[in-house]
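# Observations on the model geometry
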Amino acid sequence: MPRWMQQILGLKAELFSQEAEWSLRFAPPWSPALLWNLLIAAAIGLGVWAIYRKEKFTPWRRWTLAGLRVLLGLWLLVLLNRPNLTLTRQRVEPSVVAVLVDQSMSMGLADVGEQGESRLEAVRKLLGQTDQSLLDQLAKRHDVRLYGFDESPRQLPTTRPLAGWTATGRQSHIERALREVMAQLRGKRLAGVVLLSDGRQTPPAADSQTMDLLRREGVKIFPVAVGADRAPRNVELAAVSGEEAVFQGDLASFTATINTGGLEPGTQLTVQLKDADSGAALAGPDGKAAVRQISVPPEGSVQTQIAFAPGQLGKMRVRLEVTPLAGEIDTRDNARVLPLEVLNSQLTILYVEGLPRWEYRYVKNEMMRDKSMRLSCLLTSADPNFAQEGTLPIRHFPETMEQLQEYDALVLGDVDPRQFTDGQLRLIADFVSQKGGGLEMVAGTHYSPWAWRNSAIEPLLPVSLVRPPEDVAAGTAEGFRPRLTAAGEASPIFRFFADPLQTKSYLAEKLPPLFWFCRGVEAKSGVGEVFAEHPTETGPDGHPAPLLVAGRYGAGRTLFSAIDDSWRWRFYTGESLFNTYWVQQLRYLARGHRMGQNRAALAVERPVYELGEMMRLTLRVLDGQLSGQLPDRLGVQLVDEHGAVINSATLRRGPEHPERYEVSVPAQQLGRFTAQVAGVDATNVLTAQVEVAAPRLEMRNPRPDIAWLEQLAQISGGRYFTLQQAGGSLVPAITSAAMIVPVESSTALWDTPAALLMIILLIGAEWIGRKRSGGV
């Protein structure tokens, strides 16, 4: 149509550039339209007839002019019916399919197929970029929108959808991702949502709002389960315990608790010790690498001991690890790093005894022969002129701290407390609590421990002196063998053989029996740790009667031995067992004094924390004199590997334990960090190492939640698929939601220039005709 004609008709030029259907529609202002139009048309006809029947024109002129007048009336009638020119064209609304890919940590597990392919890698292969890939097949029928999600969804490009994908999300919020994607695509022809996930949510609770939304919106969900439907394989080094310091020449032993999942009973695990800094293997008692092979028991949890022989003196970091197995869901929990200090083994011991009983004689002789010991003995029942024994003979008990500080540990046998002045008793208490000295009391039939009740020494003991028996000296007709607790098995005191099982068997079956023990005592709650107990007798608290109890008092370590005939263990065994038992006791006691060179120690409760957890820092003041000089609050900084301070906090002194400072700091950043406290020990800055790792919520139960995925498909009217089924059956199952929508564009003709022009032409034609015919 020419442009001038389009302008006269009032039509837009772009309407003629589209394929469309044309139609003329009327919108009369009256109803019923047909009746009123007939009446008006009749009125027009009658009016024209009435006008022209009296005119004196020739018949053809009269009919011509009357016809023009009728046409004018009918044209006005047409315009009064509001004619509209309607253009109808078709618009196709495409079918949309949303593809959601889980990118949380659990999708990084390598449990797909026989080759142990990662879940995310399997999804990559399914989506692919070839003509047969799932994305390309879907794109032939639908407009594909691709999203990755963990805690929230984010749209991904479909041109190169696989580049740079990682499974690092800390949490998986499937229902949130569904809600947000559906909100973004609201108003579009959504044919369905393809969900590629293992179905595990963190938190796992289902959101009823999401389920109601799926029912209400009618959006079909097509879940594709990714991952092996079996218990995940994992080895977790749940706990490691061991001494924080050992003496050169001794074995540093560690007890490891290992939890397993998804492993067949009998599966072999390799436990080994390494230097955490150099990565070198540490040597065991036999000079070979410290490695143990253990089998997974049916219950899945196993405990084992492993030891190595430290070489050089000083501080080191020991890494205990379980060699990762193929297909493990997480190898971060296979290792722990523990600090260890190797101390000089030369000890100085002061042994005070009342009477020369058998225990005293054999212990004294054994310690004098041991080249790692320097011994001073003080037999209080001896004559004044008696030459006291030992490699460092003395004539009286030390009277100053300087004199007592020359010893690492003090052993009190069955001695009368009246042999000591009040000043000497307070000196002993300060030696233990402030200087880190060790104290052991060996029970006897005359004085220890009952004569020490209500003395300055009683608070130092790791046992409560509840009630003395009627006959303190009464023994047992039938001998007994000590029964070790878990703490005793882990302690080097009873490490008679390199193999823990051999030691356990020997203690239960071959150890020479004992015939006396101190009754009426019990381990102090929260203080005493029982290493050995009676196999049948009980104490006042109803628990097995304690035989060897360890404890702490201030900076020092304490021991209470309820037996006085360990010398019997020399029978048929020689000096080996007896020497081990006593040397390790004295070394246990002396560690506090040797480590007391460090007047304070900073420690982190756990070596590894998850992001968002609270890290508990503890500062322990080992020097009582220093403790009294320090303020109630101390600053601590958390420094990253580049030396930048990422957090600061305040350590606060505990009201019940003034030698301890504590604070909890949030783990806000991934990486390895150093906690630093300055201004406590003038010689150095106190430090402790800690690592912050990504949360393992995703890894605690990564087995695909097939039941929930099937429920999701059922509620939404979709269909559940396995990863193997999805390649060939998923695309045909998604029906296209495309729709052809008619789009109408209307133009009113009754107020266009053409309508007015027609009126002018008809009126002008009639007027000219009447003038030429001689009419008015």
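Owing to the predicted nature of the structure, the values given are computational and were not obtained by experimental measurement.

Now for the nonpolar core. Core analysis: the largest hydrophobic core is formed by 47 residues, its most contacted members being Ile 349, Met 367, Phe 494, Phe 531, Leu 548 and Tyr 581. A total of nine residues in this core trace back to one element, the largest contributor, which is helix H13 (residues 576-595). Ignoring anything within four residues of it in the chain, the contact list for Phe 494 reads Leu 484, Gly 488, Thr 503, Phe 531, Ala 532, Leu 548 and Tyr 581. With 34 residues, the next largest nonpolar core counts Leu 404, Leu 439, Val 463 and Cys 518 among its residues.

Looking now at the sheet that holds strand S28 (residues 600-604). With mixed pairing, the eight strands of this open sheet are ordered in space as S28-S30-S33-S32-S31-S34-S35-S29. Each having just a single partner strand, S28 and strand S29 (608-610) make up the two edges of the open sheet. Taking the axes of each pair of neighbouring strands and ignoring which way they run, one obtains an average angle of 25 degrees across the sheet. Inspection of the sheet shows strand S34 (residues 671-677) paired to strand S35 (residues 686-693) by seven bridges, in the antiparallel sense. Looking across to S35, one finds that Gly 671 is bridged to Val 692.

To continue, consider helix H8 (residues 358-369). Every α-helix carries 3.6 residues per turn, so stepping three or four residues along brings you back to the same face. Taking 1.5 Å of rise per residue, 12 residues should cover 16 Å, and H8 covers 17 Å from first to last C-alpha, within 8% of that figure. Among the residues of H8, Glu 359, Tyr 360, Val 363, Lys 364, Glu 366 and Met 367 are the ones counted as buried. Buried residues along H8 cover an arc of 170 degrees about the axis, so they all sit on one side.

The next thing to look at is the packing of aromatic side chains. Counted under the stated rule, the structure contains 14 aromatic pairs. Arranged with centres 5.8 Å apart and planes meeting at 35 degrees, the rings of Trp 358 and Trp 567 form a pair that is tilted. Placement of Trp 358 in helix H8 and of Trp 567 in the loop between strand S27 (556-561) and H13 is noted, with a sequence separation of 209 residues between them. The partly exposed category is assigned to Trp 358, whose relative accessible area is 45%. When the ring of Tyr 581 is compared with that of Trp 582, the centres are 5.7 Å apart and the planes differ by 85 degrees; the resulting orientation is edge-to-face.

On to empty space enclosed by the protein, then. Scanning the model with the defined rule gives four cavities of 30 Å³ or more in all. By volume, the second largest cavity amounts to about 40 Å³.

Turning our eyes to something else, we now look at the pairing of strand S12 (residues 252-261). Of all the 10 residues making up S12, seven are buried; the element is thus mostly covered by neighbouring parts of the structure. Relative to S12, strand S10 (residues 234-242) runs antiparallel, the two sharing eight bridges. The residue bridging Gly 242 from the neighbouring strand is Phe 254, located in S12.

With that settled, the discussion passes to the sheet that holds strand S23 (residues 483-484). Across the sheet, eight strands lie side by side as S19-S18-S20-S21-S27-S26-S25-S23; this open sheet has mixed pairing. In this open sheet, the two edge strands, each paired with only one partner strand, are strand S19 (373-379) and S23. In terms of strand pairing, strand S18 (residues 347-353) meets strand S20 (residues 409-412) through four bridges, oriented parallel. By the bridge assignment for S20, Ile 349 is matched with Ala 409.

Bringing a nonpolar patch on the surface into the picture now. Together, Leu 24, Phe 26 and Val 78 make up an exposed nonpolar region whose accessible area comes to about 250 Å². Within the element layout of this structure, Val 78 appears in helix H3 (residues 59-80). Residue class for Val 78 comes out partly exposed when judged on its relative accessible area of 31%.

Turning next to the environment of Glu 117. Summarising the element assignment, Glu 117 is placed in strand S5 (residues 117-118). On the accessibility criterion, Glu 117 (21% relative accessible area) is partly exposed. In sequence terms Glu 117 and Gly 327 are 210 residues apart; their C-alpha atoms lie 9.1 Å from each other. With residues up to four places along the chain from it excluded, the contact list for Glu 117 reads Leu 109, Ala 110, Asp 111, Val 112, Ala 122 and Lys 125. Here the side chain of Glu 117 touches Lys 125 through a polar contact of 2.8 Å, side chain to side chain.

A word on the side chain of Lys 364. Note on placement: Lys 364 falls in helix H8. Polar side-chain contacts of Lys 364 include one of 3.0 Å to the side chain of Asn 365. If near-sequence neighbours (up to four positions away) are discounted, Lys 364 is found in contact with Leu 375, Cys 377 and Glu 389.

What follows deals with the packing of helix H2 (residues 33-52) against H3. Packing of H2 against H3 brings their axes to within 10 Å, and their N-to-C directions diverge by 155 degrees. On the basis of their axis angle, the class for H2 and H3 is roughly antiparallel. In this structure, H2 meets H3 at a crossing whose hand is right-handed. Here Asn 37, Ile 40, Ala 41, Ile 44, Val 48, Ile 51 and Tyr 52 of H2 come into contact with H3, specifically with Arg 62, Leu 65, Ala 66, Arg 69, Val 70, Gly 73, Leu 74 and Leu 77.

Glancing now at helix H17 (residues 723-733). Among the residues of H17, Leu 723, Ala 726, Leu 730 and Val 731 are the ones counted as buried. Relative to the axis of H17, the buried residues are bounded by an arc of 75 degrees and lie together on one face. Counted as exposed and oriented over 90 degrees from the buried face of H17: Gln 724, Gly 728 and Pro 732. Where H17 is buried, its residues meet strand S4 (110-112), helix H4 (119-127), helix H5 (134-139), strand S8 (189-197), strand S9 (221-225) and strand S36 (721-722).

As a further point, take the pattern of salt bridges. The tally for this structure, following the rule as stated, stands at 22 salt bridges. A salt bridge links Arg 200 to Asp 705; the nearest nitrogen and oxygen atoms lie 4.0 Å apart. Pair noted here: Arg 200 is in the loop between S8 and helix H7 (208-217) and Asp 705 is in the loop between helix H15 (697-700) and helix H16 (706-716), with a separation of 505 residues, a long-range link. Taking the relative accessible area as the measure of exposure, Arg 200 reaches 22% and is therefore partly exposed. The partner of Arg 568 in a salt bridge is Asp 565, with the nearest N and O atoms 3.2 Å apart. Of the residues examined, Arg 568 reaches a relative accessible area of 23% and is grouped as partly exposed. Via salt bridges that share partners, Asp 111, Arg 119 and Asp 198 belong to a single interconnected network.

Turning to the side chain of Asp 198, a few remarks are in order. Structurally, Asp 198 can be placed in the loop between S8 and H7. Looking at Asp 198, the relative accessible area reads 0%, which means it is buried. Within the structure, Asp 198 has its side chain in polar contact with the side chain of Ser 106 (distance 2.6 Å). At a separation of 3.0 Å, a polar atom in the side chain of Asp 198 contacts the main-chain amide nitrogen of Arg 200.

A cis amide bond links Ser 31 with the next residue in sequence, Pro 32, at an omega value of 0 degrees. Ser 448 connects to Pro 449 through a cis peptide bond whose omega is 0 degrees. Mapped onto the elements, Pro 449 comes out in the loop between strand S21 (438-442) and strand S22 (463-465). Its identity as a non-glycine residue notwithstanding, Asn 454 has a phi of 65 degrees, on the positive side. Within the secondary structure, Asn 454 sits in the loop between S21 and S22.

Cut-offs used in this document
Residues numbered from 1 in each chain as written. Predicted model: local features only at pLDDT ≥ 70, side-chain atom pairs only at ≥ 80, totals over all residues. Heavy atoms only, no water. Core = buried A, V, L, I, M, F, W, Y, C linked by side-chain atoms within 4.5 Å. Buried < 20%, exposed > 50% of the residue type's maximum accessible area, 1.4 Å probe, protein only. Helix = DSSP H or I, 4+ residues; strand = E, 2+ residues; numbered from the N terminus. Contact = heavy atoms within 4.5 Å. Pairing = 2+ DSSP bridges. Axes fitted to C-alpha atoms, helices over the stretch in contact; angles between N-to-C directions. Expected span 1.5 Å × (residues − 1). Arc of directions from axis to C-beta. Phe/Tyr/Trp six-rings, centres within 6.5 Å; stacked < 30°, edge-to-face > 60°. 1 Å grid on protein atoms, 1.4 Å probe; cavity = no way out; pocket = protein on both sides within 12 Å on 5 of 7 lines; lining within 4 Å. Points joined across faces, edges and corners; volume = space filled by probe spheres on them. Patch = residues over 30% accessible without salt bridge, like charges linked within 9 Å, V, L, I, M, F, W, Y side chains within 5 Å. Areas by Shrake-Rupley, 256 points an atom, 1.4 Å probe, with all protein chains shown as cover. Salt bridge = Lys/Arg side-chain N within 4 Å of Asp/Glu carboxyl O. Polar contact = N/O pair within 3.5 Å; in protein donor to acceptor, adjacent residues only side chain to side chain. Parallel < 35°, antiparallel > 145°, perpendicular 65-115°, else oblique. Left-handed = near helix turned anticlockwise from the far one by under 90°.

None of this, on its own, says anything about what the molecule does.
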